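Overview (structure and organization)
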Amino acid sequence: LPHTSVQQSGHIVRATSPISSLPLRQYPAPPPLLNTSTLGVAGEITHAGLRKTKAHSYTLPHTPPPPGRNKQTRMSLGVNGPACTADHMADEKSSMDAKLAQALSILSEQVASQMLGNQASLPRLPIPSLSDSVSDFLRACEPQLSPQDFSDTERACKAFLENPEEGPRLHQALLEYDQQGGKNSYLEEFWERAYLSQRTPISINTNPFFVLEDDPTPARTSQIARATNLVWSSLKFCSSVRDGTLEPDMQRTTPLCMSQYTRLFGTARIPGEGTDTVEFYPDSRHILIMSRGRIYWMDVIGDDGKVCLSQTQIEEALRSIRNDSLSFYIGENLNQAVGLLTTESREAWARWRKEIQGASEENASNLRRIDEAIFVLCLDDTSPASQAETASNSLHGTSDLISCEGYAANVQAGTCINRWYDKSLSIIVCQNGAAGINFEHSVIDGHSVLRFASDVFTDTILTFAENIRKGFKQHKSSGPVRSGAAGAKKNEAFEFGKGGGGLQGHLWHRVE
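The sections below set out a description of the structure shown in this document. Because the structure is a prediction, the values reported are computed rather than measured.

1. Regarding unusual backbone geometry
Non-glycine residue R252 carries a positive phi angle of around 60 degrees. The residue R252 is located in the loop between β8 (250-251) and β9 (254-255) in this model. One non-glycine residue, R292, adopts positive backbone phi at about 55 degrees. Its location among the elements puts R292 in the loop between β12 (286-291) and β13 (294-299). What makes R292 buried here is its relative accessible area of 18%.

2. Remarks on the nonpolar core
Within the largest apolar cluster, 48 residues are counted, with the highest numbers of intra-cluster contacts made by F265 and M298. Broken down by secondary-structure element, the contributors of at least two residues to this core are α9 (223-242), β12, β13, α10 (311-326), β14 (376-379), β17 (425-429), β18 (435-439) and α15 (446-469). The element best represented in this core is α9, accounting for 9 residues. Setting aside residues no more than four positions away along its own chain, F265 makes contact with S234, F237, C238, V241, F280, I374, F375, S424, L425 and F452. Among the nonpolar cores identified, the runner-up in size contains 15 residues, and L288, I295, V338 and I428 belong to it.

3. Topic: the packing of aromatic side chains
For the coordinates displayed, the defined rule picks out 9 aromatic pairs. Centre to centre, the rings of W349 and W420 are 5.9 Å apart; their planes meet at 80 degrees, and the pair counts as edge-to-face. Taken together, the residues W349 in helix α12 (residues 346-359) and W420 in the loop between β16 (411-412) and β17 connect sequence positions 71 residues apart. The burial state of W349 is the same as that of W420; both residues are buried. An aromatic cluster is built from F237, Y261, F265 and F452, whose rings are joined through pairwise contacts.

4. Side note on the state of the cysteines
In total, this model carries 0 disulfides according to the counting rule given. For C157, which is in no disulfide, the shortest distance to another cysteine sulfur is to C141 and amounts to 6.9 Å. The thiol sulfur of C430 is not disulfide-bonded, and the nearest other cysteine sulfur, from C378, lies at 9.9 Å.

About the thresholds
Here the residue index of a chain counts from 1 through its sequence in written order. Predicted model: local features are reported for residues with pLDDT of at least 70 only, side-chain atom pairs are reported and counted for 80 or more only, and whole-chain, interface and lining totals are derived from all residues. By convention in this description, side-chain values take in all heavy atoms of the structure and omit both hydrogens and water. Here a helix means four or more residues in a row that DSSP labels H or I, a strand means two or more in a row labelled E, and each is numbered from the N terminus. Only protein chains enter the accessibility calculation, which uses a 1.4 Å probe. A residue is then buried if its area is under 20% of the maximum for its type, exposed if over 50%, and partly exposed in between. Among buried residues, the Ala, Val, Leu, Ile, Met, Phe, Trp, Tyr and Cys ones that are joined through side-chain atoms within 4.5 Å form a nonpolar core. In what follows, a contact means two residues having at least one pair of non-hydrogen atoms within 4.5 Å. Each Phe, Tyr or Trp ring (for Trp, its six-membered ring) is paired with any other whose centre lies within 6.5 Å, and the angle between the two planes then decides the class: stacked below 30 degrees, edge-to-face above 60, tilted in between. Pairs of cysteine sulfur atoms within 2.5 Å are what we label disulfides.

As far as function goes, none of this settles anything; it's purely spatial.
Here it is in structure tokens:
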């Protein structure tokens, strides 16, 4: 964000934006000119000539009739004289409404294409020359090899360069591969394959994290208040990605690729034997909430693609979910902590997921619901006392072995049971309001998530300031508000674990 300080310390990135120096985001204006054939009126009307009203609609500004028209002409338009017949006025209004709707439709399409509008003109990733690639390889090897081993490596590289059947032939094959259709970059396919074929646990070896700056408003430092605001702002960011209105990233005046943002939400890594796969659900409507290892879900997007809950409803639902998870003793929660299996090696997790999925249709359905979720919200049972503790919790959670009635050995009660690392995006909120982000790295890089974190953090402050301006009136979503999740079934339950599931409070559901 312009004028927003970003502090880096090791793996910790703190995006700060003091309210005293909050930037005003400059949204790119739609194309500046609409021609007369579009609007069907005399002259040309620029974007600045439209008056913006609520719900992002536009009305034509009042323009007095041009000089030279007589009074009778003005009367026929219903201006400055007796009105013409009601039928005639209705026809005039209907015609103008239709033309205005056509113009706004064109505007909407142009604005909606702005996020990916630069994709076709982006330059391809250049392939370095063979000699440059070998030089880079040797430069990376030198600090890690003994003098004798490095000398042997140099000789092997020289032979590789000089043998036309080795280096030059492979380099030419790479150039030809880059020219094949359907590929954005020669590196993309190999890059994703390298991540997805990794068999070690992803919770430490692959998934990065960000620590969010503390919310500066004292009234919103509790877990539920902070989580509500982060969910609300995240859903707004998600909507801008899905409707294509997110402002493109720029490096000074150079546009950057925006395709990664389309995979930030509704995406899951699926474990497999030998290699993993990625599934993407661009129309998903619900989020996942995890508390004390238990999994809950609730619909947050309506049929029109807009947020269908108010902030108050989200806050009440999260508080109800949190209280529900606290009503079970730790042994019951641990029996439901299926997310803990996502911390295992990919081969082991692939076998267990296949077994769980094949046990029943309910299991398969609920695993799919987890995969389809827009993102995961983790409500953690910890209060980090320092930034380092928050960072550790955001990366891998805490480990806390306790004795539990009915168990022969100690059981895990740390926040490590409260994760689903296969999801592309996890928002983690602790009891004292400390927050972080964990994300699955095979489909998205850090710069895109940092943009998300910065925008979300800034939006929470701007929303707070807007509520002050409105006299602390509760801000409500522009979409329809529903009292329940559409199409939900009662008593949907995993067959492993104890207890009953089902519709709770008409907004959220517990998965068991």
